[in-house]
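What follows is each chain in one-letter form.
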Amino acid sequence: MMKVDDILTTAKDSMSVRRVFADPVERDGITVITAAAVSGGAGGGAGTDEEGKEGSGGGFGVGAKPVGAYVVADGRVRWQPAVDVNRLMTVAGCVAVALTFAGLRLARLRARHHAEV
């Protein structure tokens, strides 16, 4: 059985800088170092029940998503952000819904204005 301290140590080790920056890849004089946003959490607890029996438990989770890469070429470093397609589609969907509601509202206002004239 894993103890809470062991779980927290494992979680800490899992969220190292190696999870954020990958090993550099060099090809044709260009070096690329990819980067990710890493987040995680851990928790645990222990206790005793009414009969004096002890118990403990815990867990942790780590998540990562690519955010971009450092590109080194000709002695210069530039940041190349990653495209988050899921976020892009969510924003595009929200904009489309907002424009639809705005268009409906505008059509109602025009219809009301024409009815008054």
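Residues numbered from 1 in each chain as written. Predicted model: local features only at pLDDT ≥ 70, side-chain atom pairs only at ≥ 80, totals over all residues. Heavy atoms only, no water.

As annotated in an unreviewed UniProt entry, the protein chain is Spore germination protein GerW family protein from Nocardia carnea.

1. Comments concerning the overall build of the protein chain
Check the secondary structure of the protein chain and you find three helices and four strands. Seen in sequence order, the protein chain has helices and strands lined up from the N terminus as α-α-β-β-β-β-α. Considering the protein chain as a whole, with its 117 residues, one finds that 7% of them fall into the buried category. Of the contacts made within the protein chain by residues no fewer than 6 positions apart, 45% connect residues no fewer than 24 positions apart. For the protein chain, the accessible surface area stands at approximately 9500 Å², while carbon and sulfur atoms represent 58% of it. (Helix = DSSP H or I, 4+ residues; strand = E, 2+ residues; numbered from the N terminus. Buried < 20%, exposed > 50% of the residue type's maximum accessible area, 1.4 Å probe, protein only. Contact = heavy atoms within 4.5 Å. Areas by Shrake-Rupley, 256 points an atom, 1.4 Å probe, with all protein chains shown as cover.)

2. Structural notes on unusual backbone geometry
Of note in the backbone geometry, aspartate 28 takes a positive phi value of approximately 55° without being a glycine. Position of aspartate 28 among the secondary structure elements: in the loop between β1 (25–27) and β2 (30–48). You will see that aspartate 74, though not glycine, has its phi angle at about 55°, which is positive.

3. What to know about the pattern of salt bridges
This structure, assessed with the given rule, holds one salt bridge. Residue glutamate 51 is joined to lysine 53 by a salt bridge in which the shortest nitrogen-to-oxygen separation is 3.5 Å. We classify glutamate 51 as exposed; its relative accessible area is 63%. (Salt bridge = Lys/Arg side-chain N within 4 Å of Asp/Glu carboxyl O.)

4. Remarks on the pairing of strand β3 (residues 54–73)
Relative to β3, β2 runs antiparallel, the two being bridged by 18 bridges. Residue pairing across strands places glycine 43 opposite glycine 59, the latter belonging to β3. Where β3 lies against strand β4 (residues 76–81), six bridges are found, and the strand directions are antiparallel. Each bridged residue has a counterpart across the sheet, and for tyrosine 70 the counterpart in β4 is tryptophan 79. Counting the residues that bridge the hairpin from β3 to β4 gives two residues, and of these aspartate 74 lies at a positive phi of roughly 55°. (Pairing = 2+ DSSP bridges.)

5. Section: the packing of aromatic side chains
Summed over all chains, the structure comprises two aromatic pairs. A network of ring pairs unites the aromatic residues Phe21, Tyr70 and Trp79 as a single cluster. (Phe/Tyr/Trp six-rings, centres within 6.5 Å; stacked < 30°, edge-to-face > 60°.)

6. So, a nonpolar patch on the surface
A contiguous nonpolar patch, built from Phe21, Tyr70, Val77 and Trp79 and spanning about 380 Å² of accessible area, is present on the exposed surface. Note that tryptophan 79 resides in strand β4. (Patch = residues over 30% accessible without salt bridge, like charges linked within 9 Å, V, L, I, M, F, W, Y side chains within 5 Å.)

7. Here we look at the sheet that holds β1
Strand order in this open sheet of four strands is β1-β2-β3-β4, and the pairing throughout is antiparallel. At either end of the open sheet lies a strand with only one pairing partner, and these are β1 and β4. Neighbour-to-neighbour, the strand axes of the sheet open up by a mean angle of 25°, direction not taken into account. (Axes fitted to C-alpha atoms, helices over the stretch in contact; angles between N-to-C directions.)

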